[in-house]
Amino acid sequence: MQDMTSLYKWQRRITLFAVLLAAGVIILGAWTRLTDAGLGCPDWPGCYGHMDVRKAIEHVNEINTSAPGALREAHKTVPEMVHRYFAGTLGLVIMIIAGLAWANRRQPGQPLALPTLLFFLVCFQGALGMWTVTMGLQPTIVMLHLLGGFTTLTLLVWLAARLYRWPEFLNDCDVRSLRGLAHAAIAVVVLQIALGGWTTANYAAVVCTDLPICEAGWTEHLDFEEAFTFFGHEHDQADYEFGVLENDARTTIHVLHRFGALLVLLVVGALVLKVLARARCNFYRVFGSVIGLLLLAQIGLGISNVVFGVPLWVAVGHNFGGVSLLVSLVLFTRAIHVEAEKAHP
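Residues numbered from 1 in each chain as written. Predicted model: local features only at pLDDT ≥ 70, side-chain atom pairs only at ≥ 80, totals over all residues. Heavy atoms only, no water.

A. Examining the pattern of salt bridges more closely. Here the structure, examined in full by the defined rule, presents 8 salt bridges. Here Asp239 and Arg72 are joined by a salt bridge, their closest N and O atoms 3.1 Å apart. One end of the pair, Asp239, is in the loop between α8 (224-227) and α9 (247-278); the other, Arg72, is in the loop between α2 (53-66) and α3 (77-103), and 167 residues separate them in sequence. Residue Arg72 is classed as partly exposed on the basis of its relative accessible area of 25%. Between Glu80 and Arg84 there is a salt bridge; the shortest N-O distance is 2.8 Å. With Glu80 and Arg84 both in helix α3 and 4 residues apart, the pair spans about one turn of that helix. Across the pair, Arg84 and Glu80 agree in class, each one buried. Ionic contacts of the salt-bridge type, sharing partners, join the residues Arg72, Asp239 and Glu241 into one network. (Salt bridge = Lys/Arg side-chain N within 4 Å of Asp/Glu carboxyl O. Helix = DSSP H or I, 4+ residues; strand = E, 2+ residues; numbered from the N terminus. Buried < 20%, exposed > 50% of the residue type's maximum accessible area, 1.4 Å probe, protein only.)

Structural data, given as structure tokens:
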């Protein structure tokens, strides 16, 4: 029994580490994508045949010295390979978590399905990472890779909450009655994250530079069919870097992302206001305030991207703000679903 208890404690510690690591992987992934370094290493899993990024840099510099412009800039190998190092480490950590869960499977209250799901998810994420490179930044693959990363972090946070048995039951019925609205908030945030991923995957982030929607006459430049062609894009480029869609299709994607932001503001904002108005305990008042602050920060970062022309740090922050808002809503939903008899398993 003591060994099983020790395994459970190790799971909790390693899961917290995995949460931090997954957050770092998401930030590094955004950095790689936004610095146009996604094809800085055109092969996989190494970089020009090297697992050591320093040797890859030397290789690129040697080739570009003898044949200028033959390969991409050497500095672009760094964010791509660092991202792979961190992602690979995360995969190993999740494999350890799943292994500990199965070793401790006879212990009452041991989550098993979730660690197993995370293991298969991170394997699929590895495949998406490979296809992102080998398929030349194909937009649908890029978007799925981003969604997979967000899902991995969200499920790791959920697993950590289960392992720490957080939170305890709080009998605040007025807040617990908001389950339907909380589910709707998660749905619109997921939709908006997908639209954001589709926007960046198709290099449509800077196609509209005016507020609140786009430049005058934007309604005449909409092409939904081409904007949402997920496979079989017709183009004559060697890859999808810098996008292959026409301007009208990119305008359509960007405009829908802005309307999505408005929908998120209305739905999540309504949830926050109702929580603050109905909450009788401090726990839910603080929780509602945190979600509200994350929502306002995310809207502010989105506007800053437009006003300042998508600065790197703002864009990275906007990317991470999306998953932070999603995680907060998922944890809130978990809190209002905790049953009294499960408060102390």
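On we go.
B. Quick peek at helix α11 (residues 312-337). Taking 1.5 Å of rise per residue, the 26 residues of α11 would be expected to cover 38 Å, and the 38 Å separating its terminal C-alpha atoms lies within 8% of that figure. Judged by how many residues are buried, α11 sits mostly within the fold: 20 of 26 residues are covered. (Expected span 1.5 Å × (residues − 1).)

C. Spotlight on the nonpolar core. If you look at the biggest cluster of nonpolar residues, it comprises 56 residues, and the most contacted ones within it are Leu156, Val189, Val268, Tyr284, Leu329 and Phe332. When contributions to this core are tallied by element, the ones reaching two or more residues are α1 (2-34), α3, α4 (113-134), α5 (139-163), α7 (179-201), α9, α10 (282-307) and α11. When neighbours within four sequence positions are excluded, Phe332 is seen to be in contact with Val175, Ala182, Leu271, Val275, Tyr284, Phe287 and Ile291. By size, the runner-up hydrophobic cluster in this structure holds 12 residues, among which are Ala204, Ile213, Ala227 and Leu245. (Core = buried A, V, L, I, M, F, W, Y, C linked by side-chain atoms within 4.5 Å. Contact = heavy atoms within 4.5 Å.)

D. Broad picture of unusual backbone geometry. Of note, the amide linkage connecting Trp166 to Pro167 takes the cis form, showing an omega dihedral of -5°. A cis amide bond links Leu211 with the next residue in sequence, Pro212, at an omega value of 5°. Looking at the element boundaries, Pro212 is found in the loop between α7 and α8. The backbone phi angle of Asp36 is positive, close to 55°, even though this residue is not glycine. Of the residues examined, Asp36 reaches a relative accessible area of 24% and is grouped as partly exposed. Even without being a glycine, Tyr48 presents a positive backbone phi close to 55°. Mapped onto the fold, Tyr48 is located in the loop between α1 and α2.

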